[in-house]
Amino acid sequence: MSQRVVVTGTGAVTPLGVGGAALLDRWCEGTSGIEDGVAACRDFSPLDFLSRKEARRADRFTQLAIAAADEAIAEAGWDDGLPYAPERIGCVIGTGIGGIGSLESQGAVLREKGPKAVSPLAVPLMMGNAGAAALAMKFGLKGESFGVVSACAAGANAIGTAVRLVRSGQVDAVLTGGSESAMTGIAIAAFASMGATSPTGISRPFDARRDGFVMGEGAGVLVIESAESAEARGADVIGEILGYGATCDAHHLTAPDPAGDGSARAIALALSDAGITAGQLDYVNAHGTSTPLNDRSETEALKRALGAHAATIPVSSTKSVIGHLMGAAGAVEAVATIRSLRQGVAPPTVGWEEAEEGLDLDYVADGPRPLATRSGIPANGAGPSADRRLAISNSFGFGGHNAVLCLAAT
Amino acid sequence: MKVKASPETAEKVITAGLIEVGAEPGDINREATFESLDVDSLDLVEIAQIVEDEFGVELVGDDVQNLKTVGDVIDMVVAKSA
C-alpha cells in the first residue's frame, strides 16, 4: 500500500485578508474581497514578511507565496527547524503565469532605455518556478523542487504532484501550493479580449446572470507529510489528501468540453485514488469560475461523476468572494476546503440568486450551512471516524487541464 | 557620454545604488566589502548600470570581478571617468 499523505500546515493570502482563518471566516460572513471588478490582496504588505532586499528580489506572486508559506510552516511546527533531512523535503509550487508584472515593467525599460538597462533580476523574478525556488531557499528545502504550470489548474496539479512525490518515498514532506499575481495591463486586457473576464465586474458562479470571472491574486501553501513520518514526529495532523485525479480535455484552446468528460474523469480518478465512493462525499468545493461555459460543464461533470449523489451534496465556489486566483486558485481552495471540513461548514456561493436550466445542484445559496457527515470512513485504511468529513476540490485550466483533490479532515 | 566623477559624487551615487539594491545604509563605507554588505554579482550588475547611467562609464567583466570593497568601485569609477 502506498503512503498516506497528511496535511500538517496550511497558509493563505487572499483578497479576504492575510491568513487562512480570514479566508473562511469572511467567506462564511458573506464578505467579498472584490472591489471595482478586481480582487486584490489589499491587506498584504510584502515588508511584513520580507526584508527590503528579499522583497525587491521577488515578484509579487513570489512574495505572496512566501507569506502563505510562513503561515503553513508555523502551523506545521517547522518554524524552529526542519523535522526531516533537508534533502528529503520537496517544494512544488504552481502558477498560471508567473512574474508577468516584472516582465511588463522590464519590457517598458527595454523600450524606453534600451537592452543594457534591463535588470539582471528580470529572469529570476519572472520565471514561473520563482515561487518554488524562493521557498526552497528561504526554508532550506533541498529535495525535488519545481514549478507547475497548467493555467488555472496549477495549484491543484502542484499539490497532486507533491502527493505523488511523498507516496514515491523519495521525500518525507513537501511544501506545496500555488501563487498568482497577474492583474497587469497586458493580462487584464488579454483576458478581457478573449471574453473570459466579467464586463460587469461581478463574480456570481452558477447564477444565470454570470458573465465571466473576476481576476484575483493570492497564494495558498500546504505542508504535506507522509502519515508515517508525521506520526513518528508527533505532528498535529489537520487533514489528509486522500486522492488526486488529473486529466486533459484535448478539446479546445480555452473552452472546456461542454459535456464535462475530462473533468468528470478527473473527479472519478480522484475518488478512486482515495478509495471512496461518491456517496461518501460531504462537500464539493467547485472550480465555479462564474464563466458561462465553466459553470455549465462543471455541473455536467459533477452529475456524470457523482451520479444521483450530485443532487444532494452541497457545492459552493470560493470564487464568489475572492474572484479567480488562477494558478493559486486550486491551492487556496484546498486550504479553504480543509478549513471547511474541520469546522464542519459548507460555505455559501455568495450572490447566487437566479437559477439557469440545467444548473440545478445545491449551490449553498442561502448562507453557510453545517456539513452533514455521510460516511467518513475512507476505504484506503485511513481508519474509521464518525466525524471525519470528505470533500473534493475541483480545478480546471485553459488548455483543458483538469485536477481534482480528494480531501479529508476531522 | 562620459561625465567626470569626483570621489565625492562617485561615493554619493554608489552609496545610493547600494542602498537601492538592499544594503543597510549604516554599514556602507569605503572599507566595507561587498560580501559583508550581502551584495552579490546580480547587485553589482545593477550598480554598474547605475554608474553607466550617471557617468557614462562602463564596468564590465574583469573590472567588476576584481572589486572587493566599496572603495574599490569608487576609485575605479573616478579613474575611468577621468
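Here's a quick rundown of the structure.

Rules used in this analysis
- Residues numbered from 1 in each chain as written.
- Chains lettered and ligands numbered in written order.
- Predicted model: local features only at pLDDT ≥ 70, side-chain atom pairs only at ≥ 80, totals over all residues.
- Contact = placed C-beta atoms within 7 Å.
- Nonpolar A, V, L, I, M, F, W, Y, C, P; charged D, E, K, R; others polar.
- Core = buried A, V, L, I, M, F, W, Y, C linked by C-beta atoms within 7 Å.
- Buried ≥ 20, exposed ≤ 12 C-beta atoms within 10 Å, placed from the backbone.
- Helix = DSSP H or I, 4+ residues; strand = E, 2+ residues; numbered from the N terminus.
- Pairing = 2+ DSSP bridges.
- Axes fitted to C-alpha atoms, helices over the stretch in contact; angles between N-to-C directions.
- Parallel < 35°, antiparallel > 145°, perpendicular 65-115°, else oblique.

Contact residues are listed per partner, giving 7 residues for chain A and 6 residues for chain B. Tallied by class, the residues present in the side of chain A that touches chain B amount to 3 nonpolar, 1 polar and 3 charged.

Ala65(A), Leu135(A), Val174(A), Ile224(A), Ala270(A), Leu405(A) and Leu407(A) are the most contacted members of the largest nonpolar core, which totals 131 residues. Ranked by the residues each element gives to this core, the list is headed by helix α3 (residues 60-75) of chain A, at 9 residues. Look past the residues within four positions of Val174(A) in its chain and what remains in contact with it is Ile89(A), Gly90(A), Cys91(A), Val92(A), Ala162(A), Leu165(A), Val166(A) and Ile224(A). Ala5(B), Val51(B), Val70(B) and Val73(B) belong to the second largest nonpolar core, which has 19 residues in total.

Backbone geometry places Ala151(A), a non-glycine residue, at a positive phi of 50°. Note on Ala151(A): 21 C-beta atoms within 10 Å, which makes it buried.

Right, let's talk about the pairing of strand β13 (residues 401-409) of chain A for a bit. Both faces of the sheet carry side chains from a regular strand, because those side chains alternate between them. Residues and elements named next belong to chain A. Within β13, 9 of the 9 residues are buried, leaving the element largely enclosed by the surrounding structure. Burial along β13 is two-sided: the face carrying His401, Ala403, Leu405, Leu407 and Ala409 and the face carrying Asn402, Val404, Cys406 and Ala408 are both buried. Note that strand β7 (residues 239-248) and β13 share 8 bridges and pair antiparallel. When the bridges of β13 are listed, Gly243 appears paired with Cys406. Examined bridge by bridge, strand β12 (residues 389-397) and β13 share 9 bridges and lie antiparallel to one another. Opposite Ser393, over in β13, you have Leu405 as the bridge partner. Where β12 folds back on β13, the antiparallel hairpin that results is connected by 3 residues, among which Gly399 adopts a positive phi of roughly 100°.

A separate point is the packing of helix α7 (residues 154-167) of chain A against helix α13 (residues 329-343) of chain A. Residues and elements named next belong to chain A. Closest axis-to-axis distance for the α7/α13 pair is 5 Å, and the angle between their directions is 70°. When the axis of α7 is compared with that of α13, the two are roughly perpendicular. Of the residues in α13, those touching α7 at Ala154, Gly155, Ala156, Ala158 and Ile159 are Ala329, Gly330, Ala331, Val332 and Ala334. Classifying every residue of the contact of α7 with α13 by side-chain character gives 8 nonpolar, 2 polar and no charged.

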